[in-house]
Amino acid sequence: MRGQWALLRGLLRGRDNPLRRATDRREGWVALGALLLLVVGAPAAGWAGGTVADAALQRSVRAQHEERHLVDAVVVGRAPGRERYVGDPEGGSERAARIWVVASWQAPDGSPRTGEVATASGRGGPGSSLRIWTDAAGLPVSPPMDGRTARSHAVLAGIGTFLLAAGCVEAGRRVVVGRMVRQRYARLDREWAAADAGWGRAGTGG
């Protein structure tokens, strides 16, 4: 960014400078275009990326709430051969120590089900009740994503899109300016070579 600002200052201040080269003007215009893309294009890309991600995540949230069902279950006993403590798969502020238990419940169609589920460590006694999420077949599944979590993921997606767009703009600017600098040096080398050839000839003042 510092290099871009220097080129822009040169573009604005040196418009009438007779020593100003055409390549200097082109580099200044490239810097101006890159700055405009960073100020306007990258935020627009981030907003669009976040909007698309939010729409997709909200559809996923609605689909999960339609496909998953909250049912009442009764603890039968501890699950044998399983880790006592497991992390909350959703994380966040509700993260707590949890244990695996064997519980029984009814599937959405009314048929009985028995299986291993995770519950809070203080609620694993036989006969205690808990609520679990199941799919349409009555099998335990993780809780559906909530709208606030989906929105947070969308914001992160928008920020990531903005950073990616800004990085692409800056990388493109460096590539273009680098190519222009190499072309300038190549032209100078050709001019110096032509001048050296002229100096060695008779009558050239050498």
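Preceding block: the structure.
Residues numbered from 1 in each chain as written. Predicted model: local features only at pLDDT ≥ 70, side-chain atom pairs only at ≥ 80, totals over all residues. Heavy atoms only, no water.

### A word on the overall build of the protein
Right, on to step 1. Along the protein, the regular secondary structure elements total three helices and four strands.
Right, on to step 2. Going from the N terminus to the C terminus, the protein shows its helices and strands as α-α-β-β-β-β-α.
Right, on to step 3. Within the protein, contacts between residues at least 6 apart in sequence are counted, and of these 63% link residues at least 24 apart.
Right, on to step 4. Carbon and sulfur atoms form 59% of the exposed surface of the protein, whose accessible area is close to 13500 Å². (Helix = DSSP H or I, 4+ residues; strand = E, 2+ residues; numbered from the N terminus. Contact = heavy atoms within 4.5 Å. Areas by Shrake-Rupley, 256 points an atom, 1.4 Å probe, with all protein chains shown as cover.)

### A short note on a positive patch on the surface
Right, on to step 1. A cluster of basic residues, Arg25, Arg26, Arg187 and Arg190, forms a positive patch on the protein surface.
Right, on to step 2. Listing elements by their share of the positive patch, those giving two or more residues are helix H2 (22–67) and helix H3 (147–199).
Right, on to step 3. By the element assignment, Arg25 lies in helix H2.
Right, on to step 4. On the basis of relative accessible area, Arg25 is assigned to the partly exposed category, the value being 37%. (Patch = residues over 30% accessible without salt bridge, like charges linked within 9 Å, V, L, I, M, F, W, Y side chains within 5 Å. Salt bridge = Lys/Arg side-chain N within 4 Å of Asp/Glu carboxyl O. Lys, Arg positive; Asp, Glu negative; His and termini not counted. Charge placed at Lys NZ, Arg CZ, Asp CG, Glu CD. Buried < 20%, exposed > 50% of the residue type's maximum accessible area, 1.4 Å probe, protein only.)

### Examining the sheet that holds strand E4 (residues 129–134)
Right, on to step 1. Strands sit in the order E3-E2-E1-E4 across an open sheet of four strands; the sheet is antiparallel. Of all strands in the sheet, those bounded by a partner on one side alone are strand E3 (112–120) and E4. Each adjacent strand pair in this sheet contributes to an overall mean axis angle of 50 degrees, direction not counted. (Pairing = 2+ DSSP bridges. Axes fitted to C-alpha atoms, helices over the stretch in contact; angles between N-to-C directions.)

### Section: the pairing of strand E2 (residues 98–106)
Right, on to step 1. Where strand E1 (residues 69–78) and E2 come together, five bridges link them in antiparallel fashion. In the sheet register, Ala73 faces E2, and the bridge partner there is Trp105.
Right, on to step 2. Where E2 lies against E3, nine bridges are found, and the strand directions are antiparallel. Directly across from Trp105, in E3, lies its bridge partner Arg113.

### Side note on the environment of Trp100
Right, on to step 1. Considering the arrangement of structural elements, one finds Trp100 in strand E2.
Right, on to step 2. As for Trp100 and Ala120, which are separated by 20 residues in sequence, their C-alpha atoms are 8.9 Å apart.

### Some words on the pairing of E4
Right, on to step 1. Alternating positions in E4 separate cleanly, Leu130, Ile132 and Thr134 being buried on one face and Ser129, Arg131 and Trp133 remaining unburied on the opposite face.
Right, on to step 2. Pairing geometry for E1 and E4, over six bridges, is antiparallel. Bridge pairing in E4 links His69 to Thr134.

### Describing the pattern of salt bridges
Right, on to step 1. For the structure shown, the criterion picks out four salt bridges.
Right, on to step 2. Where Arg174 meets Glu170, a salt bridge forms, and the shortest distance between an N and an O atom there is 3.0 Å. Taken together, the residues Arg174 and Glu170, both in helix H3 and four residues apart, mark about one turn of the helix.
Right, on to step 3. Relative accessible area serves as the criterion here: at 56%, Arg174 is assigned to the exposed category.
Right, on to step 4. Residue Glu170 is classed as buried on the basis of its relative accessible area of 16%.
Right, on to step 5. Beyond isolated ion pairs, a larger network of salt bridges with shared partners links Glu170, Arg173 and Arg174.

### Some words on the nonpolar core
Right, on to step 1. Among the nonpolar cores identified, the biggest contains 10 residues, and these are Val71, Ala73, Val75, Ile99, Val101, Ala103, Trp105, Val117, Leu130 and Ile132.
Right, on to step 2. For this core, the secondary structure elements donating two or more residues are E1, E2 and E4. (Core = buried A, V, L, I, M, F, W, Y, C linked by side-chain atoms within 4.5 Å.)

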